[in-house]
Amino acid sequence: MTQAQQGTEAANDAPKTPASPLMSGQSTPDPGSDSQVQIIGMSATLPNVDQVAHWLDAVLFQTDFRPVELKQMVKIDNGIRDKSGQVIHQLEIPPGWDPNDKDHVGLLTKETIDAGHSVLIFCCSKVQCEVTAKFIAKLLTIPERPNPIAAPQEDPETPGGVPSSARAAVVAGLSRYKGSDGSGALKEVVARGAAWHHSGLNGDQRELVEKAFGSGAVSVLCATSTVAAGVNMPVRRVIFKHSYIGQPTNPLDPTRYMQMSGRAGRAGIDSEGESILIANRGNIDQLMALMNADSTPISSCLVETRRGMKRAMLEVVAAGVVSSSPDVERYLKCRWAPLAATWCTPSAG
């Protein structure tokens, strides 16, 4: 609103034929209109939200209430520990259990599946997503979950037009995709109740996998950070098979960890949620600290030392928001730029 208002004020003294949207004030509501536009911003992981509210000249409301309890845990050897480091559960390895399940991700998945719930497993890469999903699909018998959120829809490519189950509908949908994108292997895994989700799938395939997980057709989803935020799915347990992205030199930061673990126990979908970090003897202290750390405060990239203003200028030029030197001057005088430099320190973030 601040940009639009200042742009409109500047446009009052400008020629009647403006050179750009910024000068014309096109985004400013009609003064004669009685419409009241309100913008609400929400975040569960932003620690310095008070500074953002001041920057936006917004009313701030804060609460630590979470409708569904989220239990954060770490697995060390055969023990499951809470945030304080206390052992709250001891894994019992069944006789004859597959020795290839060395990190017990399969066993932790089985616990939740046997209770009739779903599991989201975060992996460090696309390859690891596929390897893990194939292993889980082979290791476990995964039934469709009862009382699915979405009933299967009619599918003209299945005999009789109606699939025998939600899972059959997903398999039929994946059969439409042919080529080297992994659809054949994915279809085989989905047929056993598991799937993977990463940027290697196209948009339609990812949407189909998300719907399969939501409908109960799939109960185990192995994913990269493509579902770390913005996707609301019925997850009872989140398992971090890896606590890094890509390489061990790129560990999860507290903000990303909170986003990813927060996929479990979504309000209106589940009654509780769990997240479990898989530790080894070399990163126990690191993961205990990660569970108890606060999110990283955000900071402005517009300060001179971070060179974000150059990108911001290129973006508004490319978008046609500014097209002349006076436009640039008005843009730089907008209130948000100097405020961002005052409440964010150049060295932060």
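A brief structural summary. Please read these numbers as outputs of a predicted model, since none were measured by experiment.

About the cut-offs
- Residues numbered from 1 in each chain as written.
- Predicted model: local features only at pLDDT ≥ 70, side-chain atom pairs only at ≥ 80, totals over all residues.
- Heavy atoms only, no water.
- Axes fitted to C-alpha atoms, helices over the stretch in contact; angles between N-to-C directions.
- Helix = DSSP H or I, 4+ residues; strand = E, 2+ residues; numbered from the N terminus.
- Parallel < 35°, antiparallel > 145°, perpendicular 65-115°, else oblique.
- Contact = heavy atoms within 4.5 Å.
- Pairing = 2+ DSSP bridges.
- Phe/Tyr/Trp six-rings, centres within 6.5 Å; stacked < 30°, edge-to-face > 60°.
- Buried < 20%, exposed > 50% of the residue type's maximum accessible area, 1.4 Å probe, protein only.
- Arc of directions from axis to C-beta.

**A look at the packing of helix 6 (residues 166-174) against helix 8 (residues 203-215)**
Part 1: Contact geometry for helix 6 and helix 8: axes closest at 10 Å, N-to-C directions at 175°. Judged on the interaxial angle alone, helix 8 and helix 6 are roughly antiparallel. Mapping the contact onto sequence places Ala166, Val170, Gly173 and Leu174 in helix 6 and Leu208, Ala212 and Ser215 in helix 8.

**Remarks on the pairing of strand 3 (residues 87-90)**
Part 1: Looking at chain direction, strand 2 (residues 79-81) and strand 3 are connected through 3 bridges and run antiparallel. Considered in strand 3, the bridge of Ile80 is made with His89.
Part 2: The loop that links strand 2 with its antiparallel partner strand 3 comprises 5 residues; one of these, Gly85, has a positive phi angle of about 95°.

**Topic: the packing of aromatic side chains**
Part 1: Under the criterion given, the structure shown has 2 aromatic pairs.
Part 2: Through pairs of rings, three or more aromatic residues link up here, namely Phe122, Phe240 and Tyr257.

**Concerning the pairing of strand 4 (residues 119-122)**
Moving residue by residue along a regular strand, the side chains alternate between the two faces of the sheet.
Part 1: Neither face of strand 4 is open: one carries Val119 and Ile121, the other Leu120 and Phe122, and all of them are buried.
Part 2: Sheet topology note: the strand 4/strand 6 (residues 220-223) ladder contains 4 bridges and is parallel. Looking at strand 6, one finds that Leu120 is bridged to Leu221.
Part 3: Here strand 4 runs beside strand 7 (residues 237-240); their pairing, made up of 4 bridges, is parallel. Among the inter-strand pairings, Phe122 is bridged to a residue of strand 7, identified as Phe240.

**Brief notes about helix 10 (residues 284-292)**
Part 1: Within the span of helix 10, buried status applies to Ile284, Leu287, Met288, Leu290 and Met291. Buried residues in helix 10, looked at end-on, bunch into an arc of 160°, giving them a common side.

Function-wise, these values are silent; they only describe arrangement.
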